[in-house]
Amino acid sequence: EVEPLCAAREYLAADELMPSGPDYPAGSQWGLLLFEKPVTAPADSLLIGSTLDADIHANSCRLVFFGQIRQTLDAEDKAALGKLRVFKPKQKVGTVRRVVDEHVVIGRDLFKRETDITKFVGLNVTLAGSGARGYIEGSFGASGQYKVRFTAPHGLPITPSGKRRGGKGGKGG
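Note that the coordinates shown come from a computational prediction; the quantities given were computed from them, not determined experimentally. (Residues numbered from 1 in each chain as written. Predicted model: local features only at pLDDT ≥ 70, side-chain atom pairs only at ≥ 80, totals over all residues. Heavy atoms only, no water.)

Draft legend 1. Highlighting the pattern of salt bridges. Tallied over the full model, the rule gives four salt bridges. Residue Arg 70 is joined to Asp 44 by a salt bridge in which the shortest nitrogen-to-oxygen separation is 3.9 Å. Linking Arg 70 in the loop between β3 (63-68) and α1 (78-82) with Asp 44 in the loop between β1 (10-12) and β2 (46-50), this pair joins segments that are 26 residues apart in sequence. Classification of Asp 44 as partly exposed rests on a relative accessible area of 48%. (Salt bridge = Lys/Arg side-chain N within 4 Å of Asp/Glu carboxyl O. Helix = DSSP H or I, 4+ residues; strand = E, 2+ residues; numbered from the N terminus. Buried < 20%, exposed > 50% of the residue type's maximum accessible area, 1.4 Å probe, protein only.)

Draft legend 2. Highlighting the pairing of strand β9 (residues 145-150). Pairing analysis gives four bridges linking strand β6 (residues 104-108) to β9, with the strands arranged antiparallel. Across the sheet, the residue bridging to Ile 106 is Lys 147, located in β9. Where strand β8 (residues 133-140) lies against β9, six bridges are found, and the strand directions are antiparallel. By the bridge assignment for β9, Tyr 135 is matched with Arg 149. Connecting β8 to the next strand, β9, in antiparallel fashion are four residues, including Gly 141 with a positive phi near 75°. (Pairing = 2+ DSSP bridges.)

Any functional reading would require information that these geometric values do not contain.
Below, the structure written as structure tokens:
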């Protein structure tokens, strides 16, 4: 059974639809089509797209896509398009500058000096190697450094000076 499109749910952006199978059962993927000109079609009807400018004598399929219309939107209505919660996962890598205690580290090289870190507060962080998970708690100083709090001990060694010796700890969000 096909799930209805839900405005409260987040959807992962993809460059192409995946073949149906155990990971992507039929009806679990959605496509957003924006046309140059309006298309008149009732909801729940079958939409078929084809390439009309292809050579009719060529041995190729002119069918481009097909699917059932689940919802219609006006492409000019930016507020309606903005309600679709589609995201692309992003990952950045930073360095552990200092280990404060078993739950907190100070990181660097993830943000530029002028970046407003408050926009990233609460985003997830994963420590390379151990896989310890935490979140950005806030900025530290004025040079793009930030504080990361881990929910469980991260396992990094704490030296008497509070600085971690050797290596990098990658962070992704």
